[in-house]
Amino acid sequence: MSIDQDTIKHVAHLARIELEEQELKRLAGELYAILNFIDKLKQLDVEQVKPSSHILPISNVLREDNPGVSLPCQTVLENAPAKKGNFFTVPKIIE
Amino acid sequence: MELHQSSAHSLIKELKNHTLKPQAVWDALYRRIQQAEPRVKAYVRCPMPLADGAKSLADEVTAKIPVTIKDNICTAGLPTECCSRILENFRPPYDATVIRKLKENGLAIFPFKANMDEFAFGSSTENSFFGPTRNPWDIACVPGGSSGGSAAAVASDEAIWALGSDTGGSIRQPASFCGVVGLKPTYGRVSRFGLIAFASSLDQIGPITKDVEDAAILTGMISGYDPLDSTSVNQPVPDYTAVLGQEIKGIKIAIPQEYFISGMDPEVKEIIQVAIAQLKSLGALTQQVTLPHTEYAVPVYYIIATAEASSNLARFDGVQYGYRAPADNLLQMYKLTRAQGFGPEAKRRIILGTFALSHGYYDAYYLRALKVRTLIKQDFDRVFGEFDCVVTPTSPTSAFKIGEKATDPLQMYLSDIYTISVNLAGIPAISIPCGFTRQGLPVGLQIMAKPFNEEMLFKVAHAFERNTEWHKLKPKL
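Each chain carries its own residue numbering, running from 1 in the direction its sequence is written. Chain letters and ligand numbers both follow the written order, the letters beginning at A and the numbers at 1. Per-residue local features of the predicted model are confined to residues with pLDDT of at least 70, and side-chain atom pairs are confined, for both listing and counting, to 80 or more; whole-chain, interface and lining totals are unaffected and use all residues.

A. Quick peek at the environment of threonine 231 of chain B. Runs of H or I in DSSP of at least four residues are treated as helices and runs of E of at least two as strands, each being numbered from the N terminus. With respect to the helices, strands and loops of the structure, threonine 231 of chain B is situated in the loop between helix 7 (212-222) and strand 7 (252-256). Burial is judged by counting other C-beta atoms within 10 Å of a residue's own C-beta: 20 or more means buried, 12 or fewer means exposed, and anything between counts as partly exposed, with every C-beta placed from the backbone. By C-beta crowding, threonine 231 of chain B is classed as partly exposed, having 17 other C-beta atoms within 10 Å. Through-space distance from the C-alpha of threonine 231 of chain B to that of valine 190 of chain B is 9.3 Å; in sequence the pair is 41 residues apart. Not counting the four nearest positions on each side in its chain, threonine 231 of chain B is found in contact with His54 and Leu56 of chain A together with Gly188 and Arg192 of chain B. C-beta atoms are first placed from the backbone for all residues, and any pair lying within 7 Å is then listed as a contact.

Okay, structure coming up:
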């Protein structure tokens, strides 16, 4: 499988990472080599094999829906790069 | 022996007997850091020189034995930055469950965090925003990674003991490179609550220590069910120290042939073979086995781990914490924050993982990798049907030079070839020192066991340690 610069550009957009031209070029070469190596997996016939998303025999762990104590707003906001009152603020998104 | 060189269990014993003041341990540690840290750089944001030393700390802190913590485990009020610019100055408002448990066990959290590869992405600690840590046995070499700061701190006696995290070998490989003990518990044994997630189906927190007894004590303290981690398992935690000192006569050890093939340093191979012979001389029965899907572990890992990482790291967008790039609109703010906040390896992995999960490639990459993961797990199930443990080298080489693999990501990925299968299969494994190369670099022996059978690891590792002196050797720094 080859991966071209257009594909990487698209994927980088999906991942919300701005790439410079030089980074894009370098990544295309590196990811090409990595994916070539990963293509080794195509040697195996896995048609009948079940996927393991994790190894524990547990799924859909639920708990009682009891309200608990949350962290105070101001504590949560302490690390915010920008805030106003009880809110995080970001650049304007509606005209 | 000086106090900072002591194992934790001997310090705890002296404290109980009132023959030791904990403040003396802190003073010794700070003196040692003052002396060794400029060369080792195991810690981040450690102001050198340490002007006031331990005297600037609160009395209730220095009344307890300290544990050094990797920079990706949340410590309330103490910087927890995953050695990434994107988490610059992040101080968590809460403790990880393991930190709470350490405090409940009467331990103190060391005020400086241990260096690591950014978000645990790496095998050398070169990918840290704060710069690389150096191997105490040869400062031209890497300490391994990603828990390289924790391992180097313990090896250089700048720490009594430490916690690391292991997603594909990040505790065991640096333990091997630094000549200390490192354990990755069974998936689900230790709560991941408060561990900043890399790959949630693989991550586990574990100890890095000077000997096996300390590893057993620390594992016992941090293990157990936690309602805050839905993948933690509700099984009783045994007293892991109870198996220490037991004989290993008749224990069945499997030696997988796939771990002794090309690419392995012949000197490491020789050292491992001597170690296996030593286990045999203690009465263990060894037999060669095959784990046929071993060669697929690295490719499977670099799909699953990057896919999970790309999803986990989506939260770092400059809104709630850490670094934010100035921008006119929200989309540009996300893109520039992540472009400037993440280092090259983090970007590489996020993009690879996003690719593997993206439309048109999901079946060919992610789903296929999950299926091969099943085959790797079945290999281990089959071997553990007949054997008590599996013994291998921890790494195909001893510590490599700083910069040697930094420009070739694939070569770096391959240095985890012997540790990755353990995370994919969810089983526990320990690395213990088992010899030195002619260059004077440590080599680690890896022991793997069935899920939730950490006791087997401690039993075999302790038997080996009782009959060898490797763990007592100290680097000349």
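Here the narrative resumes.
B. Structural context of the sheet that holds strand 3 (residues 107-114) of chain B. At least two DSSP bridges between two strands are needed for those strands to be called paired. On the basis of which strands lie adjacent, the open sheet formed by eleven strands has the order 1-3-2-4-6-5-10-11-9-7-8 (chain B) and mixed pairing. Since the sheet does not close on itself, it has two edges, and those belong to strand 1 (43-44) and strand 8 (285-289) of chain B, each with one partner.

C. Representation of the pairing of strand 6 (residues 204-209) of chain B in the model. Residues and elements named next belong to chain B. Here strand 6 lies mainly inside the structure; six of its six residues are buried. Judged from the five bridges that link them, strand 4 (residues 162-166) and strand 6 form a sheet pairing that is antiparallel. Considered in strand 6, the bridge of serine 165 is made with isoleucine 205. Here two bridges tie strand 5 (residues 181-184) to strand 6, and the two strands are oriented antiparallel to one another. Each residue of the ladder has a partner; that of glycine 182, found in strand 6, is isoleucine 208.

D. The arrangement of the packing of helix 9 (residues 297-312) of chain B against helix 12 (residues 363-384) of chain B in detail. Residue and element names in this part refer to chain B. Axes here mean lines fitted to C-alpha atoms, for a helix over just the part in contact, with angles spanning 0 to 180 degrees between N-to-C directions. One way to put it is that helix 9 packs onto helix 12 with a least axis distance of 9 Å and a crossing angle of 125°. One element, helix 9, and the other, helix 12, form an angle in the oblique class. The handedness of the crossing between helix 9 and helix 12 comes out as left-handed. Here Ala297, Val300, Ile303, Ile304 and Ala307 of helix 9 come into contact with helix 12, specifically with Tyr365, Tyr366, Ala369, Leu370, Val372, Arg373 and Ile376. Class assignment of the residues belonging to the contact of helix 9 with helix 12 gives a composition of eleven nonpolar, no polar and one charged. Orientation labels follow simple angle bins: below 35 degrees gives roughly parallel, above 145 gives roughly antiparallel, 65 to 115 gives roughly perpendicular, and whatever is left gives oblique. Here a crossing is taken to be left-handed if its near helix is turned anticlockwise relative to the far helix by less than a right angle, and right-handed if that turn runs clockwise. Ten residue types, Ala, Val, Leu, Ile, Met, Phe, Trp, Tyr, Cys and Pro, are classed as nonpolar, four, Asp, Glu, Lys and Arg, as charged, and the remainder, Gly among them, as polar.

E. Broad picture of the nonpolar core. Within the largest apolar cluster, 165 residues are counted, with the highest numbers of intra-cluster contacts made by Val300, Ile303, Ile351, Cys389, Ile447 and Val460 of chain B. For this core, the element with the highest residue contribution is helix 9 of chain B, accounting for ten residues. Dropping the residues within four chain positions of it, isoleucine 303 of chain B is found in contact with Ile38 of chain A together with Ala356, Tyr365, Tyr366 and Ala369 of chain B. A set of buried residues drawn from Ala, Val, Leu, Ile, Met, Phe, Trp, Tyr and Cys, joined through C-beta atoms within 7 Å, is what defines a nonpolar core.

F. Spotlight on the pairing of strand 11 (residues 442-449) of chain B. Residues and elements named next belong to chain B. Within strand 11, eight of the eight residues are buried, leaving the element largely enclosed by the surrounding structure. Residues of strand 11 alternate between two faces, with Pro442, Gly444, Gln446 and Met448 on one and Val443, Leu445, Ile447 and Ala449 on the opposite face, all of them buried. Relative to strand 11, strand 9 (residues 389-393) runs antiparallel, the two sharing five bridges. Each residue of the ladder has a partner; that of threonine 392, found in strand 11, is glutamine 446. Remark: five residues form the turn of the hairpin made by strand 10 (residues 429-436) and strand 11, two consecutive strands paired antiparallel; glycine 440 in that turn has positive phi of roughly 85°.

G. Up close: the interface of chain A and chain B. Facing 42 residues of chain A, the contacting portion of chain B comprises 54 residues. Top element by residues in the side of chain A that touches chain B is helix 2 (residues 21-38) of chain A. It accounts for seven residues. Classifying every residue of the side of chain A that touches chain B by side-chain character gives 30 nonpolar, five polar and seven charged.

H. Geometry of unusual backbone geometry. Residues and elements named next belong to chain B. Here the amide bond leading from methionine 48 into proline 49 is cis, since omega sits at -5°, within 30 degrees of zero. The topology assignment puts proline 49 in the loop between strand 1 and helix 3 (59-62). Residue serine 146 is bonded to the preceding glycine 145 through a cis peptide linkage, with omega at 10°. Among the structural elements, serine 146 can be located in the loop between strand 3 and helix 5 (148-155). Phi at aspartate 157 takes a positive value of approximately 60°, unusual for a residue other than glycine. By the element assignment, aspartate 157 lies in the loop between helix 5 and strand 4.

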